[in-house]
Amino acid sequence: MLRRQVIARARAACRAPAAARSFSDKPLDVPPPVSDAFKDKFKQVAPNLQFPKFPSQFMKPRPAVPGTLPTKLTVNFVLPYKTELDAKEVDMIIVPATTGQMGILPGHVPTIAELKPGIMSVHEGSEVTQYFVSGGFAFVHPNSVADVTVVDAYPLDVFDPEEVRKGLAEFNAKSSTASTDAEKAEAQIGIQVHSALLSSLGLS
Amino acid sequence: MASSSARNGVSRLSHLLSKAAPVAAPSLQSPSWQCPGLAPGELAPFGTRMASSQIVRNRMKSVKSIQKITKAMKMVAASKLRGVQTKTENSRGFWQPFVALMGDHPDIDTKKNIVLTISSDRGLCGGINSTVVKLSKGIFKLLESEEPTKYIVIGEKGKMSMIADEILKNVEFEAIRMVYNKFASVVSFIPAVATIMAPELIAKESEAGGKLAQLESYEIEGGDSKAEVLQNLSEFQFAAMLFSASLENACSEQGARMSAMDSSTRNASEMLEKLTQKYNRSRQASITTELIEIISGAAALEAAS
């Protein structure tokens, strides 16, 4: 009897860290973002089904719009395979919008900006972190939260200038031999990214 | 002695039978469940118990090999899950900015609809495919309008990017409802519906002050026109959502397969236990009967002499 209790306790102890480790973000108690009519109709057409959840119910809650101008900008910098900055408070970011480099400070007017390949820098006091991003979108919300979603990004110091030059030459060659529209577009994108990268590295 | 004769009882009996009943011609091949050497339809005088123990033994063998397979599948699913789980966790930030920007409007009123169902590539993974299919049917009925709603089902390897392209280019839509299983834990997944709106709908709703009225306050930078940026934005959102939903679904698939295979392994071992018991019992019974036969025969001989 005692032995069984000891085993049970040991098992519980083993299980506890596993449960804590579980990363699953349990749906918070957010009501579904639908009207009652929608719910009723769902019940009518599918009486035996559990009502589904919606992405907004899994989302991290966002801060409300503050009354006064905040001193810091909250940045979410996300990639498909990684969250680089998660609600980090910084002084300023500069993003490579298609219309030119765009600085974002706290209290920036709400904006949707398309990004081109280029340098994104994050300013935090006197510290500046630079990333090369491959294009995507940046949203600035009224609550001084900036979301930067890009397909890929790396810190600037991991690039090898030789490889970049080689890549640019390759895509230039491809561009001249491309026959279909898709191939041409692909080569064009390659040239764009590589030449932006070269100029970011200060080499062109 | 008795047990060894019981073990090769079938061959011994067939030898006896071929003498006693030479009618058992090759053309009258008995079905496998019958005692070998018996004509079909004929009552088996002896040997039935041997045959039945043979059947049980075969059954045990097949259950054992099925158990091995399910166990291996469970192991494979467990190791795959570990990789996919990390990837899924890391991808969870990617779609959130879009929902933060445009909100989540599954009940938006649209005419041209697409229901995009994300299912798994392979079977034997519990109930995840039936959940999404049932839910898609429900959503399909829910969206009924003058224009027919279209179904697109994803569930074959490596066609994800092609499908995204295909949809964006060739299918006219106002909104896509993406049905997938969100991974919650190894043993549970949550059916979920994500909504992606076409750029025209986004523009219409924000200008008319509909559900996306707050979008009107945003300044739009880049591109030649607002429509172009919205087009890119909507496509990017679709890709991000599809990426994340298929990862979530793959993760749920491995989790569901793991628990399904675990329970079938357990079922197989239970069944094996029962079959072993049955087999041993019938073997014991046949040995006992044979002993009784021998003893009573000896007793009868003794009485005669």
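Keep in mind that what you see is a predicted model, and the values were worked out from it rather than measured. (Residues numbered from 1 in each chain as written. Chains lettered and ligands numbered in written order. Predicted model: local features only at pLDDT ≥ 70, side-chain atom pairs only at ≥ 80, totals over all residues. Heavy atoms only, no water.)

A short note on the overall build of chain B
Alright, step 1. Within chain B, the secondary structure is distributed over eight helices and five strands.
Alright, step 2. Taken from N to C terminus, the helices and strands of chain B fall in the order α-α-α-α-β-α-β-α-β-β-α-β-α.
Alright, step 3. Restricting the contact set of chain B to residue pairs at least 6 apart, pairs at least 24 apart contribute 75%.
Alright, step 4. If you sum the accessible surface of chain B, you get close to 16000 Å²; carbon and sulfur atoms cover 58% of it. (Helix = DSSP H or I, 4+ residues; strand = E, 2+ residues; numbered from the N terminus. Contact = heavy atoms within 4.5 Å. Areas by Shrake-Rupley, 256 points an atom, 1.4 Å probe, with all protein chains shown as cover.)

Some remarks on the packing of aromatic side chains
Alright, step 1. Taken as a whole and judged by the stated rule, the model has eleven aromatic pairs over all chains.
Alright, step 2. Note on Phe140(B) and Tyr151(B): the rings are 4.5 Å apart at their centroids and 15 degrees apart in plane angle, and the pair reads as stacked. In this pair, Phe140(B) is assigned in helix α5 (residues 128-142) and Tyr151(B) in strand β2 (residues 150-154), connecting sequence segments eleven residues apart.
Alright, step 3. Its relative accessible area of 38% is what places Tyr151(B) among the partly exposed residues.
Alright, step 4. Members of the aromatic cluster, joined through ring pairs, are Phe137(A), Phe139(A), Phe94(B), Phe98(B) and Phe236(B). (Phe/Tyr/Trp six-rings, centres within 6.5 Å; stacked < 30°, edge-to-face > 60°. Buried < 20%, exposed > 50% of the residue type's maximum accessible area, 1.4 Å probe, protein only.)

Here we look at the sheet that holds strand β1 (residues 113-118) of chain B
Residues and elements named next belong to chain B.
Alright, step 1. Taken together, four strands build an open sheet; the order of strands is β2-β1-β3-β4 and the sheet is mixed. The outermost strands of the open sheet, each flanked by one partner alone, are β2 and β4 (188-197). Averaged over all neighbouring strand pairs, the angle between strand axes comes to 25 degrees, with direction disregarded.
Alright, step 2. Sheet topology places strand β3 (residues 175-185) next to β4; ten bridges connect them, and they run antiparallel. Bridge pairing in β4 links Tyr180 to Ala192.
Alright, step 3. Lying over the sheet, α5 contacts β1, β2, β3 and β4, oriented at roughly 150 degrees with respect to β3.
Alright, step 4. In this fold helix α8 (residues 226-304) packs onto β1, β2, β3 and β4, with an angle of close to 35 degrees to the strand it touches most, β3. (Pairing = 2+ DSSP bridges. Axes fitted to C-alpha atoms, helices over the stretch in contact; angles between N-to-C directions.)

Quick look at the interface of chain B and chain A
Alright, step 1. Facing the 46 residues of chain B at the interface are 48 residues of chain A.
Alright, step 2. Here chain B and chain A share an interface that buries about 4300 Å² over both sides, 69% of which is from carbon and sulfur atoms.
Alright, step 3. The three residues of chain B that bury the most area against chain A are Leu142(B), Tyr218(B) and Glu221(B), which together make up 15% of that side's buried surface.
Alright, step 4. Inspection of the region where chain B meets chain A yields zero salt bridges.
Alright, step 5. Summed over the shared surface of chain B and chain A, the result is 14 residue pairs in polar contact (both at pLDDT 80 or more). (Buried area = accessible area lost by both parts, 1.4 Å probe. Salt bridge = Lys/Arg side-chain N within 4 Å of Asp/Glu carboxyl O. Polar contact = N/O pair within 3.5 Å; in protein donor to acceptor, adjacent residues only side chain to side chain.)

Some thoughts on the side chain of Thr265(B)
Alright, step 1. Looking at the secondary structure, you find Thr265(B) in helix α8.
Alright, step 2. Excluding residues within four positions of it along the chain, Thr265(B) makes contact with Gln67(B), Thr70(B) and Lys71(B).

Notes on helix α5 (residues 181-200) of chain A
Residues and elements named next belong to chain A.
Alright, step 1. With 20 residues, α5 should cover 28 Å at 1.5 Å per step; its first-to-last C-alpha distance of 28 Å lies within 8% of that length.
Alright, step 2. Regarding α5, the residues found buried are Ala187, Gly190, Ile191, Val193, His194, Ala196, Leu197, Leu198 and Ser200.
Alright, step 3. The elements touched by buried residues of α5 are β6 (118-124), β7 (127-133) and α4 (161-177).
Alright, step 4. Of the residues trailing α5, Gly202 is marked for its positive phi of about 70 degrees. (Expected span 1.5 Å × (residues − 1).)

Topic: the pairing of strand β5 (residues 111-115) of chain A
Alright, step 1. For β5(A), the buried fraction is high: five of the five residues fall into the buried class.
Alright, step 2. Neither face of β5(A) is open: one carries Thr111(A), Ala113(A) and Leu115(A), the other Ile112(A) and Glu114(A), and all of them are buried.
Alright, step 3. Where β5(A) lies against strand β5 (residues 219-221) of chain B, three bridges are found, and the strand directions are parallel. By the bridge assignment for β5(B), Thr111(A) is matched with Glu219(B).

What about a nonpolar patch on the surface?
Alright, step 1. Judged by side-chain polarity, Tyr81(A), Tyr154(A) and Val158(A) come together as a nonpolar surface patch covering roughly 290 Å² of accessible area.
Alright, step 2. Here Val158(A) shows up in the loop between β10 (153-155) and α4. (Patch = residues over 30% accessible without salt bridge, like charges linked within 9 Å, V, L, I, M, F, W, Y side chains within 5 Å.)

Here we look at the pattern of salt bridges
Alright, step 1. For the structure shown, the criterion picks out 16 salt bridges over all chains.
Alright, step 2. Note that Glu84(A) is salt-bridged to Lys82(A), the shortest N-O span being 3.5 Å.
Alright, step 3. Of the residues examined, Glu84(A) reaches a relative accessible area of 25% and is grouped as partly exposed.
Alright, step 4. The shortest N-O distance in the salt bridge between Lys112(B) and Glu172(B) comes to 2.7 Å.

A look at the environment of Lys278(B)
Residue and element names in this part refer to chain B.
Alright, step 1. Position of Lys278 relative to the elements: it lies in helix α8.
Alright, step 2. With relative accessibility at 54%, the residue Lys278 sits in the exposed group.
Alright, step 3. For the pair Lys278 and Ser53, spaced 225 residues apart in sequence, the C-alpha to C-alpha distance is 8.6 Å.

Section: the state of the cysteines
Residue and element names in this part refer to chain B.
Alright, step 1. Overall, the coordinates contain zero disulfides over all chains when judged by the stated rule.
Alright, step 2. Of all cysteine sulfurs, the one in Cys251 lies closest to Cys125, which takes part in no disulfide; the gap is 13 Å.
Alright, step 3. A relative accessible area of 3% means that Cys125 is categorised as buried. (Disulfide = S-S within 2.5 Å.)

Remarks on the UniProt feature "domain: ATP synthase F1 complex delta/epsilon subunit N-terminal" (unreviewed entry) in chain A
Alright, step 1. Within this structure's numbering, the places UniProt gives as "domain: ATP synthase F1 complex delta/epsilon subunit N-terminal" (unreviewed entry) are residues 73-145 of chain A.
Alright, step 2. Between the end C-alpha atoms of residues 73-145 of chain A the distance is 6 Å, and the span holds 0% helix and 71% strand. (UniProt positions renumbered as here; feature names shortened; annotations may be inferred.)

As for the packing of α4(A) against α5(A)
Residues and elements named next belong to chain A.
Alright, step 1. Put simply, α4 and α5 touch, their axes get as near as 9 Å, and they point 155 degrees apart. Of the possible angle classes, the one that applies to α4 and α5 is roughly antiparallel. As α4 runs across α5, the sense of the crossing is left-handed. Note on element contacts: α5 touches α4 through Glu186, Ala187, Gly190, Ile191, His194, Ser195, Leu197 and Leu198, opposite Val164, Arg165, Gly167, Leu168, Phe171, Asn172, Lys174 and Ser175. (Parallel < 35°, antiparallel > 145°, perpendicular 65-115°, else oblique. Left-handed = near helix turned anticlockwise from the far one by under 90°.)

A word on the pairing of β3(B)
Residue and element names in this part refer to chain B.
Alright, step 1. By the criterion of burial, β3 is predominantly enclosed, with ten of the eleven residues buried.
Alright, step 2. Pairing between β1 and β3: five bridges, direction parallel. Directly across from Asn113, in β3, lies its bridge partner Ala175.
Alright, step 3. Connecting β3 to the next strand, β4, in antiparallel fashion are two residues.

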